[in-house]
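Breakdown of the fold
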Amino acid sequence: MVREAEKKDLNAILELYLCLHEESVPEESDYLHDTWQHILEDENHHLIVNELDGKIVSSCVCVIIPNLTRNIRPYAFVENVVTHTDFRGHGLASECLEYAKQIARQTNCYKMMLLTGSREQKTLDFYRNAGYNSTDKTAFIQWLDS
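Let me begin by describing the structure that accompanies this report. Each chain carries its own residue numbering, running from 1 in the written order of its sequence. Totals for whole chains, interfaces and linings use every residue, but because this is a predicted model, local features are given only for residues with pLDDT of at least 70 and side-chain atom pairs only at 80 or more, for both listing and counting. Excluded from the side-chain calculations are hydrogens and water; all other atoms, namely the structure's heavy atoms, are used.

For the rest of this paragraph, the subject is the layout of surface pockets. Taken as a whole, the largest pocket encloses approximately 1800 Å³ of empty space. Taken together, 50 residues make up the lining of the largest pocket; nearest its centre are Leu114, Leu115, Thr116, Thr123 and Tyr127. Think of it this way: any DSSP run of H or I at least four residues long counts as a helix, any run of E at least two long counts as a strand, and we number them from the N terminus. Listed by contribution, the elements that provide at least two residues to the lining of the largest pocket are strand S4 (75–83), helix H3 (92–106), strand S5 (112–114) and helix H4 (121–129). A breakdown of the residues in the lining of the largest pocket according to their chemical character gives 23 nonpolar, 16 polar and 11 charged. Cavities and pockets are defined on a 1 Å grid built over the protein atoms alone: a cavity is a set of grid points where a 1.4 Å probe fits but cannot escape, while a pocket is an open set with protein on both sides within 12 Å along at least five of seven lines, and lining residues are those with an atom within 4 Å of any such point. Grid points are joined across faces, edges and corners, and a volume is the space filled by probe spheres set on the points. If you add up the space inside the second largest pocket, you get close to 540 Å³. In terms of lining residues, the second largest pocket is bounded by 21 residues, among which Leu14, Tyr17, Leu32, Thr35 and Ile39 are the most central. Elements with a minimum of two residues in the lining of the second largest pocket: helix H1 (10–16), helix H2 (30–41), strand S2 (45–52) and S4. In terms of residue count, the dominant contributor to the lining of the second largest pocket is H2 (6 residues). Residue composition of the lining of the second largest pocket, by class: 13 nonpolar, 6 polar and 2 charged. Amino acids outside the nonpolar list (Ala, Val, Leu, Ile, Met, Phe, Trp, Tyr, Cys, Pro) and the charged list (Asp, Glu, Lys, Arg) are all regarded as polar, and Gly is one of them.

Have a look at this one:
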């Protein structure tokens, strides 16, 4: 079942992110819970989860970004696409991306974008099959020290 995350989902999502690129789950803190609350309350921030037998096994984030170009239409940015390693290859992340596309359409977005750090052909093909292309734009990233 694909849905937007709820308050009770925090720990399950943090555990799932271990299959993305995280090395550990963040320690319990006020900052963690304040950030989580901010995400839940932000009408433009959609943390989408796919639940199978009561377990969150796939997820993505879709952020709607207000915009002054393209006839004042927003665009969507997709990030943190992940499926638990035990459940990959069953279309679960594709269902999350389709849910994100529905949100983007409902909010009148003119485009959706995502970045991936993966160079694996399988991953790149997955995004192409989901309707994304890597030819229209060139992405640049500047990492900031924390």
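What follows deals with the pairing of strand S3 (residues 55–65). Note on exposure labels: buried denotes an accessible area under 20% of the residue type's maximum, exposed denotes more than 50%, and partly exposed covers the range between, all computed with a 1.4 Å probe on protein chains only. Judged by how many residues are buried, S3 sits mostly within the fold: 8 of 11 residues are covered. One bridge is not enough; two strands pair if DSSP finds at least two bridges between them. Judged from the 8 bridges that link them, S2 and S3 form a sheet pairing that is antiparallel. Pairing of His46 across the sheet is with Cys62, part of S3. Counting the residues that bridge the hairpin from S2 to S3 gives 2 residues, and of these Asp53 lies at a positive phi of roughly 50°.

This part takes up the side chain of Thr83. Along the chain, the position of Thr83 falls in strand S4. In this structure the side chain of Thr83 is engaged in a polar contact, spanning 2.8 Å, whose partner is the side chain of Ser58. Pairs of N or O atoms within 3.5 Å make up the polar contacts considered here, provided that, within protein, one atom can donate a hydrogen while the other can accept it, and that residues adjacent in sequence are counted only when both atoms are side-chain atoms.

Turning our eyes to something else, we now look at the state of the cysteines. Note that a disulfide, as used here, is simply two cysteine sulfur atoms within 2.5 Å. This model, assessed by the stated rule, comprises 0 disulfides. Cysteine Cys19 shares no disulfide, and the gap to the nearest cysteine sulfur, in Cys96, comes to 13 Å. Free cysteine: Cys62, not disulfide-bonded; nearest cysteine sulfur from Cys109 at 6.7 Å.

The term salt bridge refers to a pairing of a side-chain nitrogen on Lys or Arg with a carboxyl oxygen on Asp or Glu at a separation within 4 Å. Overall, the coordinates contain 6 salt bridges when judged by the stated rule. In this structure, Glu51 and Arg3 form a salt bridge, with 3.4 Å as the shortest nitrogen-oxygen distance. Residue Glu51 is found in strand S2, and its partner Arg3 is found in strand S1 (residues 2–4); the two are separated by 48 residues along the sequence. Relative accessible area serves as the criterion here: at 17%, Glu51 is assigned to the buried category. Of the charged contacts in the structure, one is a salt bridge between Lys101 and Glu98, with a shortest N-O distance of 3.8 Å. Within this pair, Lys101 and its partner Glu98 are both found in helix H3, separated by 3 residues, close to a single helical turn. The class for Glu98 is partly exposed, based on a relative accessible area of 35%. Linked by salt bridges that have partners in common, Arg3, Glu6, Lys8, Asp9 and Glu51 make up one network.

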